[in-house]
Amino acid sequence: MVLAALLIQVAFESRAGADPPLKTEGGAPPAAGVGQDSSALDERFRRLEALGAAVMEQNRRLTEQNRQLAEQNQGLTRQLQEVNQRQDLLSRRLDRVTETAAAPSVPAALPSPVASDVAGAEVLPPAPEPDTKVSPPHDSGSTWPEFLVGKYDREKGQFVLAQPRSPEDMPFALNFDLITQLRYTGFSRSVKTWTDSAGTVRPVRNLSTVKVNRNWFQFSGYALDPRLQFMAAIFSSSTSNTTLFLGWLDYKFSNAFLLSAGYYKLPGSREWSDSYRYTLGADRTMATTFFRPNMSPGIWVSGEPLTNFHYIAMVANSFNGLNLASHRIGSNTAFGSSLWWEPFGKFGPGPSDAEWHERPTLRLGASQTVSREQLANAALVQTNPEDTLFRLSDGTPLALPSALGPGVNVNTASVQLWALDAAFKYRGLSISGEYYLRWLDDFRHTGGPLPIRSLFDHGAYAQASYFVVPRRLEGYARTSFVTGRFGDGNEWGGGLNWYVIGNRNWRMTFDVTRINHSPADNVLTGYRAGASGTLFQLQMLTDF
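Analysis parameters
- Throughout this document, residue positions are counted from 1 along each chain, in the order its sequence is written.
- pLDDT decides what is reported in this predicted model: residues at 70 or higher carry local features, side-chain atom pairs at 80 or more are listed and counted, and totals for whole chains, interfaces and linings draw on all residues regardless.
- Hydrogens and water are ignored here; the side-chain numbers use all heavy atoms of the structure.
- Helix and strand definitions here come from DSSP, where helices need a minimum of 4 consecutive H or I residues and strands a minimum of 2 consecutive E residues; each element is numbered from the N-terminal end.
- The classification of residues rests on relative accessible area computed with a 1.4 Å probe and restricted to protein chains. Under 20% of the type maximum is buried, over 50% is exposed, and intermediate values are partly exposed.
- Residues are treated as being in contact if the distance between any of their heavy atoms lies within 4.5 Å.
- Pairs were defined over the aromatic rings of Phe, Tyr and Trp, the Trp ring being its six-membered one, requiring ring centres within 6.5 Å. Orientation was assigned from the angle between planes: stacked under 30 degrees, edge-to-face over 60, tilted for the rest.
- Geometrically, a lysine NZ or arginine CZ counts as sitting over a ring once it is within 6 Å of the ring centre and also within 35 degrees of the ring normal.
- Joining through side-chain atoms within 4.5 Å is the link that ties buried Ala, Val, Leu, Ile, Met, Phe, Trp, Tyr and Cys residues into a set, and such a set is a nonpolar core.
- Any Lys or Arg side-chain nitrogen found within 4 Å of a carboxyl oxygen on Asp or Glu counts as a salt bridge.
- Pairs of N or O atoms within 3.5 Å make up the polar contacts considered here, provided that, within protein, one atom can donate a hydrogen while the other can accept it, and that residues adjacent in sequence are counted only when both atoms are side-chain atoms.

**Focus on the overall build of the protein**
- Looking only at helices and strands, one finds five helices and 21 strands in the protein.
- Scored against the burial criterion, the 544 residues of the protein give a buried share of 45%.
- In the protein, the proportion of contacts linking residues at least 24 apart, taken out of those at least 6 apart, comes to 64%.

**A closer look at the packing of aromatic side chains**
- Applying the stated criterion across every chain yields a total of 14 aromatic pairs.
- Here the aromatic rings of Tyr251 and Phe253 are separated by 4.9 Å at their centres, their planes lie at 70°, and the arrangement is edge-to-face.
- Measuring from centroid to centroid gives 5.1 Å for Trp439 and Phe456, while their planes differ by 40°, and the two rings are tilted. Of this pair, Trp439 sits in strand β16 (residues 429-446) while Phe456 sits in strand β17 (residues 454-469); the two residues are 17 residues apart in sequence, bridging distant segments of the chain.
- Three or more aromatic residues joined by ring pairs form one cluster here, namely Phe290, Phe291, Tyr436 and Tyr461.
- Above the face of the Tyr276 ring, Arg214 is positioned so that its terminal group lies 4.6 Å from the ring centre.
- The cationic tip of Arg292 hangs over the ring face of Trp272; the distance from NZ or CZ to the ring centre is 4.0 Å.

**Regarding the nonpolar core**
- In terms of nonpolar packing, the biggest core is built from 55 residues, with Trp216, Leu398, Leu404, Val410 and Phe443 touching the most fellow members.
- Per-element accounting of this core gives the leading share, five residues, to strand β15 (residues 409-426).
- Setting aside its immediate chain neighbours within four residues, Val410 contacts Leu375, Leu398, Ala399, Leu404, Phe443, Arg444, His445 and Leu450.

**With respect to the environment of Ala462**
- Looking at the element boundaries, Ala462 is found in strand β17.
- Taking the C-alpha atoms as reference points, Ala462 and Ala423, separated by 39 residues in sequence, lie 9.7 Å from one another.
- Apart from the residues lying within four places of it in its own chain, the contact partners of Ala462 are Ser432, Gly433, Ala477, Arg478 and Thr479.

**Describing the pattern of salt bridges**
- For the structure on display, the rule yields 15 salt bridges.
- With a closest N to O distance of 3.1 Å, Arg227 and Asp225 form a salt bridge.
- Judged by its relative accessible area of 37%, Arg227 is partly exposed.
- Exposure remark for Asp225: the relative accessible area of 22% places this residue in the partly exposed category.
- Here Asp457 makes a salt bridge to Arg438, at a shortest N to O gap of 2.8 Å.

**Considerations on the side chain of Asn215**
- If you trace the backbone, Asn215 turns up in strand β7 (residues 207-223).
- Among the residues examined, Asn215 registers a relative accessible area of 14% and is labelled buried.
- Polar side-chain contacts of Asn215 include one of 2.7 Å to the side chain of Thr180.
- Contact partners of Asn215, with chain neighbours within four places excluded, come to Leu178, Ile179, Thr180, Ile234, Phe235 and Ser236.

As far as function goes, none of this settles anything; it's purely spatial.
What follows is the structure, given as structure tokens:
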């Protein structure tokens with residue numbers, strides 16, 4: 001339309017500006033071309049063409065502006081929709097907060113003075129956070145109390161399945177924790193055989209296997225009273241196709257005194273008491289695997305009587321009683337205890353400084369275990385991958401016929417185990433170690449005369465680590481040894497820990513260890529009695 005109007009305007013201007021026609025005598029028009037200025041007409045046509053081009057350019061610009069305005073309008077429409085959605089969400093949250101504020105307050109859950117359970121996860125749920133919980137629909141006329149549900153605690157790596165709004169009306173809380181340890185284990189032998197103390201030559205084999213080393217399903221919380229806490233767990237491992245059911249009950253009298261009963265770790269080693277989730281390498285060291293006790297049914301007390309000073313003491317069925325309940329003989333019991341002091345403040349779990357302490361922190365401890373043991377058959381004990389055997393310093397089981405002499409079979413022994421430990425953390429650096437001393441004596445046996453009245457073995461581990469990338473990438477090195485009357489064994493190695501999301505809930509580990517005459521044997525840790533060679537372990541551990 002604009003172009004047509006301009007063309008009409010130019011046409012009128014052309015007619016108005018043209019010279020009037022000349023007349024000849026008699027009124028006849030002049031001959032063609034007479035009186036017309038051809039140069040003026042050419043000029044007008046050029047103006048017309050230029051004007052048309054300008055109009056077309058202006059039309060193009062207007063079209064582009066209309067397109068941009070349409071896109072801006074669409075964007076503003078989407079932003080307005082998002083604002084409306086946020087307003088609706090904020091309104092719903094405000095309604096929930098208002099409803100929660102009118103409900104009775106819930107006291108914080110009581111923390112256990114025992115820092116962690118067998119798998120290392122906290123037993124009690126954290127204090128409820130009303131603004132992050134959603135209450136299930138309920139009938140306002142019903143007397144059934146409401147629960148706060150659906151929280152995931154990232155710090156502790158566990159789900160809060162249920163937590164009451166009022167413990168007085170319904171004192172019950174339930175948490176869930178799943179810990180999975182996937183591992184590739186490869187072993188390249190440097191010797192083909194080893195000879196035990198009875199003179200039997202045994203093979204040393206290469207190994208290459210992928211396995212679910214540990215899988216831990218845990219339910220924990222409290223019931224009937226916030227001070228009455230529980231833990232129930234299912235432990236499984238593909239290394240021996242074993243599934244076990246574990247658990248215990250706690251009653252908290254105060255921070256200084258927690259009374260517990262059930263299946264638990266018999267105290268005897270700091271690295272053993274710490275969860276396998278927190279080991280510096282792929283698993284516990286060779287020295288710990290050789291000396292440590294096991295889990296057992298029992299009764300124990302624990303607490304923090306003074307700030308940062310902790311204790312635990314346990315009376316249990318056996319030094320190695322997890323899988324021997326139905327085969328228990330006699331009334332002998334085991335006693336284990338441990339003390340540790342953190343003089344500069346909370347030390348945190350495990351030896352690694354994954355939390356990056358800005359100030360130096362220290363942990364000093366000591367453990368003791370004593371027991372009178374009916375020695376178990378090796379085949380029976382090995383049905384559970386966590387079980388251990390009393391072994392001589394060359395790896396020979398003490399209960400093996402002729403282990404201490406030709407024709408001598410040891411049936412019963414007394415054991416005393418002492419361990420001293422120390423650890424240090426500061427800004428990603430960690431240094432830790434533990435020294436073991438063990439006495440075996442008071443043997444009861446059958447067969448010929450006993451050539452040995454008592455045995456003393458000792459050993460230690462030392463390890464250090466540093467985060468080359470804070471809270472993410474950690475390099476470490478460690479070594480351990482065992483020495484005694486029947487021989488010596490040692491290991492040294494190191495590796496890398498990658499904390500994928502910057503905390504302990506997801507860790508990748510690459511570990512290489514050189515082993516010389518291992519006295520330890522445990523399918524979970526990778527050590528085999530009498531073996532020498534190089535152990536490779538690649539592991540992923542998740543905790544959620």
